[in-house]
Amino acid sequence: MDFSFGRGWWCRGACVLALLGGMPQVHAVEAAPPLLLAEVLRGEVDVTRYWVSEKLDGARAVWDGRSLRFRSGRPVHAPAWFIAGLPPEPLDGELWIARGRFDALSGIVRRQVPRDADWRQVKYMVFEQPDGAGTFTDRIESLRGVVARAGVPWLQLVEQFRVADRQALQARLDEVVAGGGEGLMLHRDDALYLTGRSDALLKLKPLFDAEARVVGHLPGKGRLSGMLGALQVETPAGLRFELGTGLSDAERRNPPPVGSLVTYQYRAVTPDGVPRFASYQRRREGF
C-alpha cells in the first residue's frame, strides 16, 4: 500500500522540494480498512465458547504487509526500524505501552516525525489476522507462529485464555480493572474472519464506551463562564444529547471542534436510548 505522492507533475515537484527540505512530505489518507467491531456482552452468552483477552487501551492499527495504518486509514508514522521488523503477513492489533498510558501513547504515535526513544516503549499487540484462514482458534495458532518468526520485542501476541463460566469471567474482569485495565474482549472460538459489527466479538467493561460526533458547543455558566459548558453530540443512530462531564478546563477552553469524533463512557441507557451518566473521555484524533 503506497502512501507516497501521486504521479502528477505537481506532485513530483512537491516530492523534490520535500527531499530538499523545502516543505514537509504529505502522506495520503486511504479509506478506512474494514475491521471487526465488538458488540457489548449482554444477556445469556455461553462464555466457554469464547477466547478471552484483556481490552487494551491503545491505538488500533492494521498492518497489510507493507504499511501500518490507524483504523481511520491514516498512516502511522512509525520509525523505519519498527516497520522493518514487522512480517509480510497482515495483522490487526493495538499500539500500546501499558495500562494507564494512553495519553503518552497517543502523543507518540500521532507525531508525523517519530522519535526513536519514544517508540522504544511502544509494542504492537496483535489479536487478529485479516483474511486469515480457518476459525479464530486456528488464527491464534497462526499468529503465534508469525510473531515467533518475526522475533522482535515490539511485536507481541495478545494473551488469549479460556474461562469456565460467568463467575470466572467476572473474577478476571475484577482482577484486570483492579490492576488499572479497561476490561475484557471475548472472541468466538469458531468464528471465521469477518468484518463489521458482530457478536463474534464482545466487550465487557464496568463502563461502556461509544463514539459520537460533535454537532455543537454550549456555553458554560458560573465558574465555567467564558468556557465550554457542554458538547452537543450525535450518535451514529442520530440521537443527540449533551456531554458536559469529564472535560478538563483546558479542554473547555479549546474544545473538540464541531464535526470531530469523541469517545464517551456511560453506565446504561434510558428507555429512549439516551446514555445515562455519560462522561467525555477523549477526542478520537483520527485513530
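Heads up: these notes are all about the structure in this document. Here the structure is a predicted model, which means the values were calculated and not measured.

Further remarks concern the overall build of the chain. On a plain count of helices and strands, the chain comes out with 7 helices and 16 strands. Long-range contacts, defined here as pairs at least 24 residues apart, represent 68% of the contacts in the chain between residues at least 6 apart. A total accessible area of about 14900 Å² is found for the chain, and carbon and sulfur atoms account for 52% of it.

Let us now look at the pairing of strand β12 (residues 240-243). The alternating pattern of β12 places Phe241 and Leu243 on a buried face, while none of Arg240 and Glu242, on the opposite face, is buried. Here strand β11 (residues 228-234) pairs with β12 via 4 bridges, running antiparallel. In the strand pairing of β12, valine 233 is matched with phenylalanine 241. Hairpin geometry of β11 and β12 is characterised by an intervening segment of 5 residues between the two adjacent antiparallel strands and by a positive phi of about 90 degrees at glycine 238.

Here we take up unusual backbone geometry. One non-glycine residue, aspartate 131, lies in the positive phi region at around 60 degrees. Judged by its relative accessible area of 69%, aspartate 131 is exposed.

Turning next to helix α3 (residues 102-109). Phe102, Leu105, Ser106, Ile108 and Val109 are the residues of α3 that are buried. Mapping the buried residues of α3 onto a view down its axis gives an arc of 165 degrees, with all of them on the same face. Its buried side turned inward, α3 meets β3 (59-63), β4 (68-70), β5 (91-96), α4 (116-119) and β16 (279-283).

Before going further, it helps to spend a moment on the pattern of salt bridges. Going through the model one piece at a time under the given rule, you end up with 21 salt bridges. For the salt bridge of glutamate 54 with arginine 99, the shortest nitrogen-to-oxygen distance reads 2.9 Å. Here arginine 99 lies in the loop between β5 and α3 and glutamate 54 lies in strand β2 (residues 50-55), a separation of 45 residues in the sequence. Residue aspartate 189 is joined to arginine 162 by a salt bridge in which the shortest nitrogen-to-oxygen separation is 3.1 Å. Here aspartate 189 is found in the loop between β8 (183-188) and β9 (196-204), whereas its partner arginine 162 is found in the loop between β7 (155-157) and α6 (166-178), with 27 residues between them in sequence. Because the salt bridges share partners, they merge into one network encompassing Arg49, Arg162, Arg188, Asp189 and Asp190.

As a further point, take the sheet that holds β3. An order of β4-β3-β5-β6-β7 is seen for the 5 strands of this open sheet, with the pairing classed as mixed. Only two strands of the sheet have a single neighbouring strand rather than two, namely β4 and β7. Averaged over all pairs of adjacent strands, the angle between strand axes in this sheet comes to 35 degrees, irrespective of strand direction. For strand β6 (residues 123-128) and β7, the ladder comprises 3 bridges, and the chain directions are parallel. By the bridge assignment, methionine 125 is partnered in β7 with glutamine 156. Against the sheet, α3 engages β3, β4 and β5, with an angle of about 115 degrees to β5. Across the sheet, helix α5 (residues 136-150) touches β5, β6 and β7, and the angle it forms with β7 is around 150 degrees.

It is worth spelling out the nonpolar core at this point. Core analysis: the largest hydrophobic core is formed by 26 residues, its most contacted members being Phe82, Leu95, Trp119 and Tyr124. Secondary structure elements with two or more residues in this core: β3, β4, α2 (80-84), β5, α3, β6 and α5. Among the nonpolar cores identified, the runner-up in size contains 15 residues, and Phe208, Phe241, Val262 and Tyr264 belong to it.

In this section: the environment of tyrosine 280. Its location among the elements puts tyrosine 280 in strand β16. Residues tyrosine 280 and tyrosine 266 lie 14 residues apart in sequence; the distance between their C-alpha atoms is 9.1 Å. Sequence-distant contacts of tyrosine 280, defined by excluding residues within four places in its chain, comprise Leu231, Leu243, Thr245, Gly246, Leu247, Glu251, Pro256, Val262, Thr263 and Tyr264. Side-chain polar atoms of tyrosine 280 contact the backbone nitrogen of arginine 283, separated by 3.0 Å.

A few words now on the sheet that holds β8. The 4 strands are arranged β1-β9-β8-β2 in an open sheet whose pairing can be described as mixed. Two strands bound the open sheet, and with one partner strand each, they are β1 (36-40) and β2. Taken over all neighbouring pairs, the strand axes of this sheet differ in orientation by 40 degrees on average, direction set aside. As defined by bridge partners, β1 adjoins β9 across 5 bridges and the pair is classed as parallel. Opposite leucine 37, over in β9, you have arginine 197 as the bridge partner. Packed on one face of the sheet, α6 meets β2, β8 and β9 and runs near 140 degrees to β8.

Take the packing of aromatic side chains next. Applying the stated criterion to the full structure yields 7 aromatic pairs. With 4.9 Å between their ring centres and 70 degrees between their planes, phenylalanine 82 and tryptophan 119 make a pair best called edge-to-face. Taken as a pair, phenylalanine 82 in helix α2 and tryptophan 119 in helix α4 lie far apart in primary sequence, 37 residues in all. Residue phenylalanine 82 shares its accessibility class with tryptophan 119, and that shared class is buried. Measuring from centroid to centroid gives 5.2 Å for phenylalanine 241 and tyrosine 264, while their planes differ by 70 degrees, and the two rings are edge-to-face. Separated by 23 residues along the polypeptide, phenylalanine 241 in strand β12 and tyrosine 264 in strand β13 (residues 261-266) bring together distant segments of the chain. A connected cluster of aromatic rings, assembled from ring pairs, spans Trp81, Phe82, Trp119 and Trp154. It is arginine 42 that lies over the ring of phenylalanine 208; its NZ or CZ is 5.5 Å from the centre.

What counts, and at which threshold
Residues numbered from 1 in each chain as written. Predicted model: local features only at pLDDT ≥ 70, side-chain atom pairs only at ≥ 80, totals over all residues. Heavy atoms only, no water. Helix = DSSP H or I, 4+ residues; strand = E, 2+ residues; numbered from the N terminus. Contact = heavy atoms within 4.5 Å. Areas by Shrake-Rupley, 256 points an atom, 1.4 Å probe, with all protein chains shown as cover. Buried < 20%, exposed > 50% of the residue type's maximum accessible area, 1.4 Å probe, protein only. Pairing = 2+ DSSP bridges. Arc of directions from axis to C-beta. Salt bridge = Lys/Arg side-chain N within 4 Å of Asp/Glu carboxyl O. Axes fitted to C-alpha atoms, helices over the stretch in contact; angles between N-to-C directions. Core = buried A, V, L, I, M, F, W, Y, C linked by side-chain atoms within 4.5 Å. Polar contact = N/O pair within 3.5 Å; in protein donor to acceptor, adjacent residues only side chain to side chain. Phe/Tyr/Trp six-rings, centres within 6.5 Å; stacked < 30°, edge-to-face > 60°. Lys NZ or Arg CZ within 6 Å of the ring centre and 35° of its normal.

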